[in-house]
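Per-entry structural report
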Amino acid sequence: MSKHLQIIALFCIGIAAGFFAAYYSFDCRETMASGGADRSGEYIITSGLLEGGAGATYFLDCSTGMLTATVPACRGAGGLWGMYKADVTKSLRAFITQNPKDAFGQPLEMPSKPNYVMTSAPFHYLGKLNQISWPAECISIVETQTGIQFLFVVPFNATKYKQGTLEMQGEMRCFTAKQINPVMKRRQL
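Attention here is on the structure that accompanies the text. From a predicted model like this one, the values you see are computed outputs, not experimental measurements. (Residues numbered from 1 in each chain as written. Predicted model: local features only at pLDDT ≥ 70, side-chain atom pairs only at ≥ 80, totals over all residues. Heavy atoms only, no water.)

Here's the deal with the pattern of salt bridges
Put simply, the test is: Any carboxyl oxygen of Asp or Glu within 4 Å of a side-chain nitrogen of Lys or Arg constitutes a salt bridge here. The secondary structure listing takes helices from DSSP runs of H or I that are at least 4 residues long and strands from runs of E that are at least 2 residues long, numbered from the N terminus. Think of it in three bands: with a 1.4 Å probe and only protein chains considered, a residue is buried below 20% of the maximum accessible area for its type, exposed above 50%, and partly exposed in between.
By the definition in use, this model includes one salt bridge. With its nearest N and O atoms 3.1 Å apart, the salt bridge here joins K113 to E42. With a gap of 71 residues between them, K113 in the loop between α2 (88–98) and β6 (116–129) and E42 in the loop between β1 (37–40) and β2 (43–49) connect regions that are remote in the sequence. Given the relative accessible area of 29%, E42 is considered partly exposed.

Notes on the nonpolar core
Note the following rule: To qualify as a nonpolar core, a set must consist of buried Ala, Val, Leu, Ile, Met, Phe, Trp, Tyr and Cys residues joined through side-chain atoms within 4.5 Å. Residues are treated as being in contact if the distance between any of their heavy atoms lies within 4.5 Å.
In terms of nonpolar packing, the biggest core is built from 30 residues, with Y58, L60, L67, I141, F156 and M172 touching the most fellow members. Residue assignment for this core shows that the elements contributing at least two residues are β3 (55–61), β4 (66–72), β5 (80–87), α2, β6, β7 (132–143), β8 (148–153) and α3 (158–163). For this core, the leading source of residues is α2, giving four residues. If we skip the residues at most four places from it in the chain, M172 touches Y58, L67, T68, A69, Y84, K85, A86, F152, V153, V154 and P155.

Regarding the packing of aromatic side chains
Operational definition: Pairing of aromatic side chains here covers Phe, Tyr and the six-membered ring of Trp, requires ring centres within 6.5 Å, and sorts the geometry by plane angle: under 30 degrees stacked, over 60 edge-to-face, intermediate tilted.
For the structure on display, the rule yields two aromatic pairs. Between the aromatic rings of Y43 and F59, the centroid separation amounts to 5.4 Å while the plane-to-plane angle is 20°, which identifies the pairing as stacked. Note that Y43 is positioned in strand β2 and F59 in strand β3, a separation of 16 residues in sequence. By relative accessible area, which is 39% here, Y43 ends up partly exposed. A relative accessible area of 35% places F59 in the partly exposed class. Aromatic pair F150 and F152: ring centres 6.2 Å apart, planes at 35°, arrangement tilted. The class for F152 is buried, based on a relative accessible area of 2%.

Structural data, given as structure tokens:
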């Protein structure tokens, strides 16, 4: 066998072994998908990735401002591994109380009926295999009348998840809140 053929064969074996090791190195394999959100009336739903490739589904009830995150059980065991809650309207009220004026110096008031949009967003990178990084995602929620954005993070524990230790109830943390788009001051067209 020629030297070039040996090198090519060794290279192919190395590539195959690398793919095999990458595929079987995770206990919980889930389909990765791009973020996005669906809305139906007063409800918004989206999904996002957590540590170790686990996925979460987020549900926002816009009429009450209650955000719920559910994490399916590992290894196809069925059921839920964990469920987390947060009160977005309470966070909005606290932000407006602490910041009574917007970027233009105008009074910032609590909307009588807050209107939210929501999606998942990369938060930080955790796992790494060669040059590929897997992001953990947060949930980005914007109240459209005030332009205030909230980033909520699930307090996820990948070790407990892989061990199958249930964590059925928990509180999501509001990582940050800021006014990203001061209310467009009633433009005249």
